[in-house]
Amino acid sequence: MLFPTFEFGLFFLIVFAVSWELRRELSLRKLFLVAASYFFYGWWDWRFLALLALSSFINFSAGWLVGRTQTPLSQKLTVGVAVTLNLCILGFFKYYGFFLESLDDALTALGLARDLPFLHVILPVGVSFFTFQGISYVVDVYRGHVKASHSILNVFLYISFFPQLVAGPIVRAAHFLPQLDETPRLTRAMVGMGTVLILTGLIKKMVIANYLATQLVDPIFFDPSVRGAGDLLIGVYGYAVQIYCDFSGYSDIAIGIAALLGYRFTANFNQPYRSASLQDFWRRWHISLSSWLRDYLYIPLGGSRKGSFATYRNLFLTMFLGGLWHGAAWTFVVWGTLHGTMLGIERYLTRRLNAFAPKDDGTPGIIKRLSGSTMHLVGIIWTFHFVCLAWIFFRAESIGLAWDYLKGFGDWTTPNELVTPFLVALIAIAMLFQFTPSRLGRWLAEGIKEFPSPMLGAILGLGIFFIWAIAPNGVAPFIYFQF
Amino acid sequence: MTEEQIEEAARATETDLGDEMVLEQDTILEQDGAEVGALPEHLEFENAHLSEGWESVPRSYARLESETHRTTGRMWRAMSIAVLILLFLNADRLSRMVQSLPVGSWADTTIVMSEAWDEEMHKHELTDISTTIRANVEAFQDANWDDVTSWIGSVFGTTPEPETSGVNTDEPLALRGSTRNS
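Because the structure is a prediction, the values reported are computed rather than measured.

Criteria and thresholds
Residues numbered from 1 in each chain as written. Chains lettered and ligands numbered in written order. Predicted model: local features only at pLDDT ≥ 70, side-chain atom pairs only at ≥ 80, totals over all residues. Domains from an automatic or database assignment. Helix = DSSP H or I, 4+ residues; strand = E, 2+ residues; numbered from the N terminus. Core = buried A, V, L, I, M, F, W, Y, C linked by C-beta atoms within 7 Å. Buried ≥ 20, exposed ≤ 12 C-beta atoms within 10 Å, placed from the backbone. Contact = placed C-beta atoms within 7 Å. pLDDT = per-residue confidence, 0-100. Axes fitted to C-alpha atoms, helices over the stretch in contact; angles between N-to-C directions. Parallel < 35°, antiparallel > 145°, perpendicular 65-115°, else oblique. Left-handed = near helix turned anticlockwise from the far one by under 90°. Nonpolar A, V, L, I, M, F, W, Y, C, P; charged D, E, K, R; others polar.

Visitor: Got a minute to help me understand the domain arrangement of chain A in this structure?
Guide: The figure often quoted for interface size is the accessible area lost as the parts come together. Residues and elements named next belong to chain A. When cut into domains, chain A gives domain 1 (6-184) and domain 2 (189-478). Every element with two or more residues in the side of domain 1 that touches domain 2 is listed here: helix 1 (6-21), helix 4 (72-109), helix 5 (127-143), helix 7 (162-165) and helix 8 (173-180). Broken down by element, the side of domain 1 that touches domain 2 gets its largest block of residues, 5 residues, from helix 5.

Visitor: What is the right way to read the nonpolar core from this model?
Guide: As a rule of thumb, nonpolar side chains are buried together in soluble globular proteins. If you look at the biggest cluster of nonpolar residues, it comprises 136 residues, and the most contacted ones within it are Val138, Tyr158, Ile208, Leu212, Ala240 and Trp391 of chain A. Sequence-distant contacts of Ile208 of chain A, that is, excluding residues within four places in its chain, are made with Ile203, Val241, Cys245, Leu426 and Ala430 of chain A.

Visitor: I would appreciate a short explanation of the confidence of the model for chain B in the present structure.
Guide: Detailed reading of the predicted coordinates is not advisable wherever pLDDT is low. Residues and elements named next belong to chain B. Here chain B shows a mean pLDDT of 67. Residues at 70 or above account for 54%. Ranking the helices and strands of chain B by mean pLDDT puts helix 5 (residues 128-142) first, with 88, and helix 8 (residues 173-181) last, with 40. Taken together, the stretch residues 12-48 has pLDDT below 50 and engages in 49 contacts with residues farther than four places along the chain or on a different chain. Every residue in residues 163-182 is under pLDDT 50, and counting partners more than four places away or in other chains gives 36 contacts.

Visitor: Honestly, the environment of Tyr298 of chain A in this entry has me stumped. Any pointers?
Guide: Residues and elements named next belong to chain A. Position of Tyr298 among the secondary structure elements: in helix 12 (residues 287-301). Using a count of 22 C-beta atoms within 10 Å as the deciding quantity, one classes Tyr298 as buried. Expressed as a C-alpha distance, the spacing of Tyr298 and Asp252, which sit 46 residues apart in the sequence, is 27 Å. In this structure, Tyr298 is in contact with Leu293, Gly303, Asn314 and Thr318, ignoring residues within four places of it in sequence.

Visitor: What's the story with the packing of helix 9 (residues 188-222) of chain A against helix 18 (residues 440-448) of chain A in this structure? I'm lost.
Guide: Packed helices, taken two at a time, are described by their axes: the angle between them and the distance between them. Residue and element names in this part refer to chain A. At a closest axis distance of 8 Å, the pairing of helix 9 and helix 18 adopts a crossing angle of 125°. The angle between the axes of helix 9 and helix 18 places the two elements in the oblique class. As for the relative orientation of helix 9 and helix 18, their crossing is right-handed in sense. Judged by residue contacts, Ala189, Gly192, Met193, Thr195, Val196 and Thr200 of helix 9 engage Gly441, Leu444, Ala445, Glu446 and Ile448 from helix 18.

Visitor: What am I meant to see in the interface of chain A and chain B here?
Guide: Each side of the interface is counted separately: chain A has 28 residues, and chain B has 31 residues. For the side of chain A that touches chain B, the secondary-structure elements that each account for two or more residues are helix 1, helix 9, helix 17 (421-432) and helix 19 (453-470) of chain A. The element best represented in the side of chain A that touches chain B is helix 19 of chain A, accounting for 13 residues. Each residue belonging to the side of chain A that touches chain B can be placed in one class, and the counts come to 19 nonpolar, 6 polar and 3 charged.

Visitor: I keep staring at the environment of Pro124 of chain A and nothing clicks. Help me out?
Guide: All names here are of chain A. Position of Pro124 among the secondary structure elements: in the loop between helix 4 and helix 5. Note on Pro124: 23 C-beta atoms within 10 Å, which makes it buried. Once the C-alpha coordinates of Pro124 and Gly228 are considered, the two residues, 104 residues apart in sequence, prove to be 38 Å apart. With residues up to four places along the chain from it excluded, the contact list for Pro124 reads Phe48, Leu51 and Phe93.

In structure tokens, the structure reads:
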């Protein structure tokens with residue numbers, strides 16, 4: 001069930017009405033929301049409901065055991081088993097085929113070809129997201145960030161809550177579970193923010209991302225070798241905007257829906273293409289994943305506390321595994337490797353430059369301020385183009401196609417067919433909103449929250465009507481569903 | 001029941017229950033404006049006990065509960081209005097969307113009803129707005145850089161000669177695109 005569909009609209013109206021009617025019966029409300037979330041998930045493929053329940057049960061049991069046992073060794077052992085089980089689930093469904101195909105290729109190359117036990121494994125929607133949430137719960141209990149839940153309903157709802165179930169944001173147990181023990185509240189501010197987020201999310205996904213996908217990105221990436229450099233350039237810019245609008249649009253709608261049901265999620269994107277460095281980019285892009293990788297991978301690996309070499313190694317490993325998390329393909333591995341390598345280079349260069357020109361406390365003069373702004377602008381342009389370069393590998397079906405894409409930039413003679421005013425305008429408008437005040441959404445929500453219900457209804461109704469009127473027919477699946 | 005009446009009831013009982021407490025009955029907030037006068041008579045304060053069905057809650061809880069009740073109602077009304085707007089203005093899209101419903105008698109009925117509704121809205125020309133918007137968007141999709149240059153020229157009064165661009169700039173952009181398509 002996709003968000004911008006008739007089915008979901010009907011589903012949400014029912015969930016909204018019933019869940020608020022049950023607000024004083026917390027357990028009943030949670031039970032209803034779990035049932036609704038399982039219905040939502042089962043709409044794709046009911047067979048995976050058991051997998052979702054199994055994952056939730058494993059993590060609930062592990063959390064309960066960690067909470068009950070007193071000795072650090074047994075707690076560590078429980079966490080280890082739980083994390084291994086979670087990774088086994090993820091590994092089987094997501095990486096089994098990739099691993100065997102890679103092994104088969106390697107054996108064939110070495111002249112040792114064998115019949116390997118290939119299976120056609122269907123990837124359950126959102127498996128990467130709910131697995132990471134499960135790990136987050138068990139580790140947070142172990143670290144003492146959240147108490148082990150005695151309510152199986154709480155853990156089931158935390159892992160399966162439908163707004164974030166299939167494509168994030170990856171919600172932290174320490175942030176979400178305490179909300180489940182409070183009586184849910186719906187304030188005017190939440191309604192204002194929810195309305196703004198849902199409408200902006202729909203515009204991003206249904207209008208910008210869908211047009212760019214169907215008219216620009218898909219045709220170009222299908223066979224980049226027949227395209228000229230101009231088309232390829234706008235194609236990769238278009239994909240940068242498409243993936244941002246697709247994923248941040250989904251996150252906006254998810255956060256907005258959760259707000260209308262009385263729950264608060266943290267932001268997942270913060271105008272990432274205005275970043276002046278790659279490190280800044282990762283503070284603004286898919287924040288819930290980058291902070292998850294930082295807290296549950298980079299820091300346990302040692303972070304930056306164990307010397308320079310270990311820091312660079314940890315940075316690289318984190319991004320490498322982050323790339324692999326996105327998908328079982330070598331293109332994602334290259335994408336993660338590129339980011340990991342460049343983060344290391346950026347860190348090294350920044351430190352060297354800082355050593356040459358240490359910061360002083362004096363007020364900067366005009367020349368210094370000007371050079372600061374220029375450097376900032378250069379940083380934004382460089383970061384955006386490096387991210388675009390990496391997106392080519394992320395989007396391409398194979399390394400060969402990505403390479404064709406890069407080679408195509410040498411051909412400026414082939415006429416451009418896709419550099420049309422419409423597509424350029426879509427990209428330009430989306431990029432413009434990367435540089436608006438970051439509190440623009442909050443200001444809009446502040447205005448909307450005071451509106452009476454007829455005006456709020458008119459904004460919602462006319463907003464959705466206008467989006468539907470200008471959007472292309474049909475709804476493409478969200479890109480991050482495949483992860 | 002209004003906010004003021006809850007506050008009044010709270011003030012009446014503060015002596016016995018402390019500054020932070022107000023009285024609330026489970027159903028109070030469901031009864032906007034009804035049975036308000038009966039509130040003080042239902043209270044008994046002997047030995048700080050309350051009559052059955054009443055419970056003490058923090059004042060902030062009552063305020064939040066009251067706000068939640070009002071905001072939920074407000075949101076529900078807003079969503080109903082939004083659905084009505086979509087039903088009237090977007091009937092054609094609705095009739096297309098329901099085609100994807102799973103096969104069954106319920107789905108068949110829904111499809112037939114939505115098609116009948118769409119026809120009715122067509123008769124009353126309510127679907128013209130979305131048709132016009134879509135025509136403009138499609139024209140913009142089909143426009144090339146010459147069209148845009150001519151259009152900008154016509155807007156800012158620096159129109160190049162129509163003969164050279166081959167575009168009649170007196171026509172709106174939408175019409176130009178749709179003419180070319182046809």
